[in-house]
Amino acid sequence: MSWTEKLSATRAGLRNLNGAIPDTAKAFGALGKSVKQGGTLDYKTKEFVALGISVADRCEPCISLHVEALAKAGATREEIADVLGMCIQMGGGPSMMYAAKALECFDELTG
């Protein structure tokens, strides 16, 4: 399955879940909006942090969503790779495997 297909499936699953728990989904969405706006760090930096956590937690759907956000925010392949290097340093072998997935996702979504 391509990363584009995975993103589509992730969004479909989230829409289904959001329909089942609309109040929780709305509150979670408000939390996401509040942490991404304002504060000291800019949006792209916050998405780099989110990508790092996604790799460390081995959350493939999270990786795809944050890589897509970074691509739309103008992140370069070199910036993505730099973040992934930190993920590998902090998380060892498992992070290396998910870092490879994240770079593959970026290449597909921007290629």
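In the nomenclature of an unreviewed UniProt entry, the protein is known as Carboxymuconolactone decarboxylase family protein of Falsiruegeria litorea R37.

A. The packing of helix H1 (residues 3–20) against helix H5 (residues 77–110), seen in detail. In contact at an axis separation of 9 Å, H1 and H5 are set at 100° when each is read in the N-to-C sense. Taken as axis vectors, H1 and H5 run roughly perpendicular relative to one another. Where H1 abuts H5, its residues Trp3, Thr4 and Leu7 lie against Lys101, Glu104, Cys105, Glu108 and Leu109. Counted by class, the contact of H1 with H5 contains four nonpolar, one polar and three charged residues.

B. Region of the structure containing helix H3 (residues 43–56). With 14 residues, H3 extends 20 Å between its outermost C-alpha atoms, agreeing within 8% with the 20 Å of an ideal straight helix rising 1.5 Å per residue. Those residues of H3 that sit buried are Lys46, Glu47, Phe48, Ala50, Leu51, Gly52, Ser54 and Val55. Considering only its buried residues, H3 is in contact with helix H2 (22–36), helix H4 (60–72) and H5. Backbone geometry just downstream of H3 places Arg58 in the positive-phi region, at approximately 60°.

Rules and cut-offs
Residues numbered from 1 in each chain as written. Predicted model: local features only at pLDDT ≥ 70, side-chain atom pairs only at ≥ 80, totals over all residues. Heavy atoms only, no water. Axes fitted to C-alpha atoms, helices over the stretch in contact; angles between N-to-C directions. Helix = DSSP H or I, 4+ residues; strand = E, 2+ residues; numbered from the N terminus. Parallel < 35°, antiparallel > 145°, perpendicular 65-115°, else oblique. Contact = heavy atoms within 4.5 Å. Nonpolar A, V, L, I, M, F, W, Y, C, P; charged D, E, K, R; others polar. Expected span 1.5 Å × (residues − 1). Buried < 20%, exposed > 50% of the residue type's maximum accessible area, 1.4 Å probe, protein only.

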